[in-house]
Amino acid sequence: MVKKSNGGWRMCVDFTNINKACPKDCYPLPEIDWKMESLNGYKFKCFLDTYKGYHQIQMAKEDEEKTSFYTSKGIFCYQKMPFGLKNAGATYQRLVDKAFHKQLGRNLEAYVDDMVIKSIGETDLLTNIEETFQTLRSVNMKLNPKNCSFGIEKGRFLGFYITKKGIQARQSRPNQRAQSSNTANNEAEYEALLAGLRLARDLNIQHLKVFVDSQLVANHVTGTFKARSLTIQQYLAKSKELIKQFKGFEIEHVRRSQNKKADALSKLASITFAHLAKEVVVETLERRSIEAEEVNDLYPDEDNTWMEPIKDYLAYGLLPEDKGEARKIRIKAPSYKLQDGKLYRKSFLTPWLRCVGPSQATIIIQEMHEGVYGFHAGPRSIVAKIMRLGY
């Protein structure tokens, strides 16, 4: 038995084994941010809490015995859906979405067993309450009167306080988990921004306009809000470092309700990767962008090497005056590529190979042979390893 915050008790049974055996119900839970934003602009709200939530759903007769548990008084099983089953949340959300499908988004918002009736004026308030109660009666769903409030302008919903001024996080110990979740969400938003900035930079885009669904990130970048936590400050600094590389940059906040197509596309990767391999590129980050190591080029490119004539031809179409040399450059050029001022040579069995000058080549060979990670191999092995590394 676990004591609840309201002084009551909740009975918990270990369903680990049955949860492992049951396939996951992928019915999606609503986006919390979207639910919170949809309450903006409504003066009156009614905060509802269903009575004993999950226990209002009847178990299938043939599945009751699968919830069996034993006590000192004997063996029992549940006739109603118990707390702790793997798919309980998804099952209840499906019930709510089906029962209130005519109201959701219009005058009602629901997240599992928490609901809010939203109304602009007093007349709408009474009409919306009546409509909601009729739906509750039709599906025989009961409310917990101790946790329900009607016709108020501010109240608590999903761990946040909804007020006239906007949404405020609860400053209490139970909200630490929500704050931790918000921090993780903000980091994810910054990672998405950084990935987009890196992609735009690699494509040599000069003027960039970014649309983000995080108002916090947008206001951080524009300077309207100040980043408080150290982690977010590091993300902001990393973002501004990349932004400086563009001649023109704008960032704009777009509500999720106005960005449904992009939001749906962002969720494709979480469904399956297999059939998206040729359509959507999925990047898996092994570490946070603020922890990524900066690699400095200790041996800068040399001037007046064998690469210069090829670079001049690829970049500007210039050829040597000597006709023989010019002909050689024309023949060689299709096998080379100039990217960000670096010359690469096409390879049939490996990726594009980075071209280096004589001094750089000597240093690379020495490092491969006798450096910290050297393996003192013969010439052929050294050359093979250097080419596998992209030189």
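You'll find the structure just up there.
## So, helix α4 (residues 122–138)
Helix length check: α4 (17 residues) gives 25 Å between terminal C-alpha atoms against 24 Å at 1.5 Å per residue, within 8%. Taken as a whole, α4 has its buried residues at Leu125, Asn128, Ile129, Thr132, Thr135 and Leu136. For α4, the angular spread of buried residues about the axis comes to 130 degrees, placing them on one side. Across from the buried face of α4, at angles greater than 90 degrees, the exposed residues are Thr123, Leu126, Arg137 and Ser138. Immediately downstream of α4, the backbone of Asn140 shows phi near 60 degrees, a positive value.

## Re the sheet that holds strand β15 (residues 342–345)
With antiparallel pairing, three strands are arranged side by side in an open sheet as β14-β15-β16. Strand pairing shows two members of the sheet lacking a second neighbour, β14 (336–339) and β16 (353–354), which therefore form its edges. With two bridges connecting them, β15 and β16 associate as antiparallel partners. Paired with Arg345 across the bridge in β16 is Leu353.

## Examining the side chain of Lys118
Looking at where Lys118 falls in the secondary structure, it is placed in strand β7 (residues 114–119). Owing to a relative accessible area of 2%, Lys118 belongs among the buried residues under this scheme. Those residues in contact with Lys118 that lie beyond four places of it in its chain are Ser38, Leu39, Tyr42, Phe44, Gly105, Arg106, Asn107, Leu108, Glu109 and Asn128.

The rules behind these values
- Residues numbered from 1 in each chain as written.
- Predicted model: local features only at pLDDT ≥ 70, side-chain atom pairs only at ≥ 80, totals over all residues.
- Heavy atoms only, no water.
- Helix = DSSP H or I, 4+ residues; strand = E, 2+ residues; numbered from the N terminus.
- Expected span 1.5 Å × (residues − 1).
- Buried < 20%, exposed > 50% of the residue type's maximum accessible area, 1.4 Å probe, protein only.
- Arc of directions from axis to C-beta.
- Pairing = 2+ DSSP bridges.
- Contact = heavy atoms within 4.5 Å.

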